[in-house]
Protein chains: 2
Amino acid sequence: MLEPVRHERSDAARNRATILLAAEALVAEHGAQCVTMDQVARAAGVGKGTLFRHFGDRCGLMRALLDERERSFQEGFIRGPSPLGPGAPPRERLIAFGERMLEHIEIQGDLLAAAEGAPGERLRHNVYAAYRAHVMALLEQSGYAGDIGYLADVLLAALTAELVLFQRREMAIAPDRLKDGWAGLIVSLLGSA
Amino acid sequence: MLEPVRHERSDAARNRATILLAAEALVAEHGAQCVTMDQVARAAGVGKGTLFRHFGDRCGLMRALLDERERSFQEGFIRGPSPLGPGAPPRERLIAFGERMLEHIEIQGDLLAAAEGAPGERLRHNVYAAYRAHVMALLEQSGYAGDIGYLADVLLAALTAELVLFQRREMAIAPDRLKDGWAGLIVSLLGSA
DNA sequence: CGATGATGCGGACCGTAGTCCGTATACGGC
DNA sequence: GCCGTATACGGACTACGGTCCGCATCATCG
């Protein structure tokens, strides 16, 4: 399996940067939901084809906008300080993971919602796989006796942007109640010992 | 708050029935994903406007197709035989509810996926509210000590069509493993007593 | 530096969901 | 049966995401 691309052509790199800048500005101004691909293309001064070649589809563009935050988020629970990162007992790390994710959704919610594509697409992505592997590892370490893979899916389902934004906005549930609910859930499952 | 509509006009009722019939046939033949609104309109011999006036949007049409099954499903856990319906202890009813829901998704999965609209729309509907109320009542009866509303949302998130279809199709997880996972989850939360 | 092949570019084009409004039709009152 | 009006109908129209392909631009090599 060879690497097909050696260098990105200079104009392509320039265009990608321009597009991301333009998209970021438009999203900041109008909200992710209201920004159309034509708007982004015009604002960046490129053709629509260029947009889609670089990012595949609308969700790909939104994901690209999230990417930096996403990477630092993942960095946090893989190599960051306790209790989110290594060092703390798995139960504490799991609680911290959920709380951190809730904060992530609080900040990036609209973009996360806009990055959702067809049903199930989200689940097929590397990001989900990374979360899932992390949660499974923590459950494993905690000595949980049941189906770890299944439980990981369920726990992550509690942390989807769709659900959390609904709880926060439609049901007007306070962030602290969500965090407490999450922590209580983990304690119920893994014991308070 | 008056009832604005006294009688549905006869042509309207006829058209609605015709549309549902045509849509059902097209979905059966091509799958819900591949059926367009224009196809349905042409097959039913009505204009597009009529379609949208009756069902609001594509998801509304899909929901209407699900409606009958949905009602009998709800009937099952509200007034049906134990352990799904009243009579069994709440823990057993909750397990039966999840298993029944998994079967429902197994059968109606494509339609359920096609009925999903914008992120969060699903959660705003009566159907979700009914499920949520049911699960909350069972948790209450079971004497669960934590945040019942939060836990209901989490448990229902484990039973979304999006997740279950992913688990079944993409991850090739067998139905029995999902049912066992669900039962194990409930037991972990409510105790095996 | 000039030729040449690979890569990227632009924007016309397409399919689909959803809207709008002038026209047609059913229903209730006379 | 006839009329007036509320209601429904149809299909042209819009907006948007996504595709396609002929042309331009870049990198490379002699």
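Scope of this entry: the structure provided in the associated data block.

Parameters and conventions
Every chain begins its residue count from 1, and numbering advances along the sequence as written. To label them, take the chains in the order written and letter them from A, then take the ligands in the order written and number them from 1. Two thresholds apply to this predicted model, a pLDDT of at least 70 for residue-level local features and 80 or more for giving and counting side-chain atom pairs, whereas whole-chain, interface and lining totals are computed over all residues. Neither water nor hydrogens contribute to the side-chain values; these are computed over all heavy atoms in the structure. Starting at the N terminus, helices and strands are each numbered in turn, a helix being any DSSP run of H or I of at least four residues and a strand any DSSP run of E of at least two. For each residue, the accessible area found with a 1.4 Å probe, counting protein chains only, is set against the maximum for its type, and the residue is called buried under 20%, exposed over 50%, and partly exposed in between. Contacts are assigned to residue pairs with any non-hydrogen atoms lying within 4.5 Å of each other. To be clear on the numbers: accessible area is Shrake-Rupley with a 1.4 Å probe, and residue cover counts the displayed protein chains and nothing else. In this tally, Lys and Arg are treated as positive and Asp and Glu as negative; His is ignored, and so are the chain termini. For the purpose of locating charges, the reference atoms are NZ of Lys, CZ of Arg, CG of Asp and CD of Glu. Near residues are defined by distance, with any heavy atom within 4 Å of the molecule or strand qualifying the residue. Under the rule applied, a polar contact is a pair of N or O atoms within 3.5 Å (in protein, one hydrogen donor and one hydrogen acceptor; residues adjacent in sequence only if both atoms are side-chain atoms). Classification used: nonpolar for Ala, Val, Leu, Ile, Met, Phe, Trp, Tyr, Cys and Pro, charged for Asp, Glu, Lys and Arg, polar for all others including Gly. Here a pair means two rings of Phe, Tyr or Trp (six-membered ring of Trp) with centres within 6.5 Å. Their orientation is stacked below 30 degrees between planes, edge-to-face above 60, and tilted elsewhere. The fit set for superposing copies consists of C-alpha atoms from residues with pLDDT of at least 70 in both; the fit itself is least squares. Basic side-chain nitrogens of Lys or Arg form a salt bridge, by our definition, when they fall within 4 Å of a carboxyl oxygen of Asp or Glu.

Re the overall build of chain A
Link 1 in the chain: The helix and strand tally for chain A stands at 9 helices and 0 strands.
Link 2 in the chain: Its C-alpha atoms give chain A principal-axis dimensions of about 60 × 45 × 30 Å.
Link 3 in the chain: Taking all 193 residues of chain A together, the buried fraction comes to 47%.
Link 4 in the chain: Looking at chain A alone, contacts between residues at least 24 apart form 64% of all its contacts between residues at least 6 apart.
Link 5 in the chain: With the model as given, the accessible surface of chain A reaches about 9,900 Å², and the carbon-plus-sulfur share is 53%.
Link 6 in the chain: Put simply, chain A has 22 plus and 25 minus side-chain charges, and the middle of one group is 5 Å from the middle of the other.

Quick look at the environment of Arg177(A)
Link 1 in the chain: Positionally, Arg177(A) belongs in helix 9 (residues 175–190).
Link 2 in the chain: A relative accessible area of 37% means that Arg177(A) is categorised as partly exposed.
Link 3 in the chain: Residues Arg177(A) and Gly80(A), spaced 97 residues apart in sequence, show a C-alpha to C-alpha distance of 25 Å.
Link 4 in the chain: When near neighbours in sequence (up to four residues on either side) are disregarded, Arg177(A) contacts Asp147(B), Gly149(B) and Tyr150(B).

Examining the protein's contact with DNA strand C
Link 1 in the chain: Around DNA strand C, the structure places 23 residues, and the nearest of them are Arg9(A), Asn15(A), Gly49(A), Arg53(A) and Lys48(B).
Link 2 in the chain: One nitrogen or oxygen atom from the main chain of Gly47(A) is found 3.0 Å from a phosphate oxygen belonging to DNA strand C.
Link 3 in the chain: Backbone polar atom of Arg58(B) to a phosphate oxygen of DNA strand C: 2.9 Å apart, as the coordinates give it.
Link 4 in the chain: Residue assignment for the surface near DNA strand C shows that the elements contributing at least two residues are helix 1 (10–30) and helix 3 (48–55) of chain A together with helix 1 (10–30) and helix 3 (48–55) of chain B.
Link 5 in the chain: With 5 residues, helix 3 of chain A is the single largest residue contributor to the surface near DNA strand C.
Link 6 in the chain: Looking at side-chain class alone, the surface near DNA strand C contains 4 nonpolar, 10 polar and 9 charged residues.

Notes on the packing of aromatic side chains
Link 1 in the chain: Counted according to the given criterion, the structure contains 14 aromatic pairs over all chains.
Link 2 in the chain: Ring centres 6.3 Å apart and planes at 85° place the aromatic pair Tyr128(A) and Phe166(B) in the edge-to-face group. Of this pair, Tyr128(A) sits in helix 6 (residues 126–142) while Phe166(B) is found in helix 8 (residues 161–170), placing the two residues in two different chains. Judged on exposure class, the residue Tyr128(A) and its partner Phe166(B) are both buried.
Link 3 in the chain: When the ring of Phe77(B) is compared with that of Phe97(B), the centres are 5.2 Å apart and the planes differ by 80°; the resulting orientation is edge-to-face. Of this pair, Phe77(B) sits in helix 4 (residues 58–79) while Phe97(B) sits in helix 5 (residues 90–114), and the two are 20 residues apart along the sequence. Considered together, Phe77(B) and Phe97(B) belong to a single accessibility category, that of buried residues.
Link 4 in the chain: An aromatic cluster is defined as three or more aromatic residues linked by ring pairs; in this entry it consists of Phe73(A), Phe77(A), Phe97(A) and Tyr131(A).

A closer look at the relation of the copies chain A and chain B
Link 1 in the chain: Overlaying chain A with chain B gives an RMSD of 0.1 Å, the required rotation being 180° about an axis along which the chain moves by 0.0 Å. Both copies are brought into coincidence by an operation consistent with a two-fold rotation axis.
Link 2 in the chain: A symmetric contact is evident, with 100% of the interface residues of chain A recurring at the interface of chain B.

Focus: the pattern of salt bridges
Link 1 in the chain: In the structure shown here, the tally under the stated rule is 29 salt bridges over all chains.
Link 2 in the chain: When salt bridges with common partners are traced through the structure, they connect Glu116(A), Arg122(A) and Glu162(B) into a single cluster.

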